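If you want the building blocks of each chain, they are given just below.
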Amino acid sequence: MNPRPGRPLRAARLRLSGFFWRHRWAKAALLLAPPLLAFGLIYLASLIALFVSSFWTVDPFTTEIKHIWTFDNYRTLWESSAYRSIALRTIGIAAAVTFTDALLAFPFGYFMARVASGRSRTFLFIAVLLPLWSSYLIRVYIWRLILNEDGVLNWTLAKLGLPLVHLAYTNWAVWIVFSYVWLPFMILPVFGALERIPHSYIEASRDLGASGWATFRRVVLPLALPGVIAGSIFTFSLTLGDYVTPLLAGGAGSQFIGNVVYSSVGISNNVPFAAAFATVPLAVMAVYLTIARRMGAFEAL
Amino acid sequence: MEQRSTRFALGVWTGLVVLFLWVPLALIMVYAFNKSNVQSWPIPGFTTHWFHVAWHAEEVRTAVGISLKAGTLATAAALVLGSAAAFAIARFRFFGREAVSFVLILPIALPGIITGMSLNSFFVYNHINLSLWTIVIGHATFCVVIVYNNVLARLRRSSPSLLEASADLGADGWQTFRFVIWPVLSTALVAGGLLAFALSFDEVVVTFFTAGAQNTLPLLILGYIRLGQQLPIVNAIAFVMILLTVIPVALAQRLMRDTGVVARGTAK
């Protein structure tokens, strides 16, 4: 090698490379330390702080947090029928939205993966990506304009001579809006799963005498299921933790867990109670993720 | 192959879903030109007046500034932390590896309200005042995962023997990084960074809990919509934001095509 001005530097770099080659653990540790420290010190510590503070209470006069260990927050949640129905509504609508999106997304993903080709597939990709990338808040807001009494929907119905509907500020509106905003999150993993099924599997199934329906039910559906579950993690979890859509699209009877948490923090300054209620979706998601993991959905994410 | 009737039914269904996805977006584009400040349908006439109003609104400008700053800082943090974690997970086998990748996925797998709430109680407990920096911390937690996933997927597709070959040919760590890893990785970093920035720019669920008195653009819009104020401004901003989404979509398309070529090239 020719001697060059940069040589001492290069020698140092080579020594360093050699060191990391011999001590691979050092490289791993160096790489892992920053993200793990950041996550451990902030995110995990926060999750723990949340859990801990839910066992504290707030002085009703000074709104100061008192560090007295108590189950009061959880008892209030359990005994109050209002909070119970809010929790059930949240989980129920999250499930309904997940089901609706799976229903809308599956034929779409199937068409995209197995029927469409070239240009039309690219077009469909863009058709999904554009709404996915546009602002969530705006997409919720549009539906207010559509569902209003004097909005586009009723105008169209009137033109068609159909009876008008009163969906604005109801749980129906919440369900429609959630299904709309999270649909792309379901379509993409479902499409991914369907696209990965080798065509030879389907041919083999047909060669062995299975009908189209049997092939779909016994070959395509089981292989696509991880994709659907991966999508459902998004739709379910995103709905469970949301408060904006119920706030903007829902009415007086559309409160979600998120709305109670939102007002507990923002208005009454009761962090411990908000924390206690926030552990409900946490517990629900923990169960859901455990099941999803078992069914192999994480590989399809 | 599917029967004709099945394919036809699938096509119709797909078309209806596309309409369901696109008609609302098209509508807001029309509403942006609404002459009246009452948002009913059909709109009485067209005007570009509201774009002018939105452009000169001080509140909007401040909020856009905060959103841009928060997005840039959170994306920068996510690029560093996310790719470091992805390298460690992709190249090394160690105790607790599964747990690490699980913890990193948590912020997007768990409901946003959990992340928001927990960060909020963490800040309250440690007497940290809510500021731009707490917004950045909040956004970075879920942006890291995005970069991590993108980089990890790319590293898994590139063969580790390339690195050994590079070392055998006398390259040091930096040269290997510069000439072997970087070309493979750069598009994944751009895609991940872009997605992270877009997520941060749009985020409202976590931001509410970490923003304090500051308004990011989504928080400002949320306030406007809730109070039913300044809706013409909201429409104008919506128009611009939907137009802007064309950029990441076009880039994503291009990157996907490019990586498609790379994947085919290396698959031999």
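The rules we used
- Residues numbered from 1 in each chain as written.
- Chains lettered and ligands numbered in written order.
- Predicted model: local features only at pLDDT ≥ 70, side-chain atom pairs only at ≥ 80, totals over all residues.
- Heavy atoms only, no water.
- Helix = DSSP H or I, 4+ residues; strand = E, 2+ residues; numbered from the N terminus.
- Expected span 1.5 Å × (residues − 1).
- Buried < 20%, exposed > 50% of the residue type's maximum accessible area, 1.4 Å probe, protein only.
- Contact = heavy atoms within 4.5 Å.
- Salt bridge = Lys/Arg side-chain N within 4 Å of Asp/Glu carboxyl O.
- Domains from an automatic or database assignment.
- Buried area = accessible area lost by both parts, 1.4 Å probe.
- Polar contact = N/O pair within 3.5 Å; in protein donor to acceptor, adjacent residues only side chain to side chain.

Student: Mind laying out helix α4 (residues 97-109) of chain B, listing which residues take part and the relevant values?
Tutor: Between its first and last C-alpha, α4(B) extends 18 Å over 13 residues, near the 18 Å set by a 1.5 Å rise per residue. Inspection of α4(B) places B:Arg97, B:Val100, B:Ser101, B:Val103, B:Leu104, B:Ile105, B:Leu106, B:Pro107 and B:Ala109 among the buried residues, and these make up the whole buried set. Where α4(B) is buried, its residues contact α2 (24-53), α10 (212-240) and α13 (271-294) of chain A together with α3 (58-91), α5 (112-125) and α6 (132-157) of chain B.

Student: Give a detailed account of the pattern of salt bridges, specifying residues and quantitative values.
Tutor: Residues and elements named next belong to chain A. By the definition in use, this model includes two salt bridges over all chains. The partner of aspartate 72 in a salt bridge is arginine 75, and the shortest N-O contact between them spans 3.2 Å. Pair noted here: aspartate 72 and arginine 75 are both in helix α3 (residues 72-79), with a separation of three residues, about one helical turn. Judged by its relative accessible area of 38%, aspartate 72 is partly exposed. Assessed through its relative accessible area of 44%, arginine 75 is described here as partly exposed. Residue glutamate 195 is joined to arginine 121 by a salt bridge in which the shortest nitrogen-to-oxygen separation is 3.0 Å. Taken as a pair, glutamate 195 in helix α8 (residues 171-196) and arginine 121 in helix α5 (residues 119-133) lie far apart in primary sequence, 74 residues in all. Accessibility expressed as a relative area gives 41% for glutamate 195, which makes it partly exposed. Residue classification places arginine 121 among the partly exposed residues on the basis of a relative accessible area of 21%.

Student: Could you give an account of helix α7 (residues 152-159) of chain A, naming the residues involved and the relevant values?
Tutor: Turning to α7(A), its buried residues are A:Val152, A:Asn154 and A:Leu157. Elements that come into contact with the buried residues of α7(A) comprise α6 (136-147) of chain A together with α1 (4-31) of chain B. Positive phi appears at A:Gly161, one or two residues downstream of α7(A), with a value of about 75 degrees.

Student: Tell me about the domain arrangement of chain A, residues and numbers included.
Tutor: Interface size, as often reported, equals the accessible area lost upon joining of the parts. Residues and elements named next belong to chain A. Domain annotation of chain A identifies domain 1 (6-53) and domain 2 (68-299). Computed from C-alpha coordinates alone, the two centres of domain 1 and domain 2 are separated by 37 Å. Together, the buried faces of domain 1 and domain 2 total about 440 Å²; carbon and sulfur atoms form 75% of this surface. Interface area lost by domain 1 to domain 2 is led by Leu50, Phe51 and Ser53, which between them contribute 78%. For the pair domain 1 and domain 2, the number of links is zero salt bridges. Linking domain 1 to domain 2 there are zero residue pairs in polar contact (both at pLDDT 80 or more).

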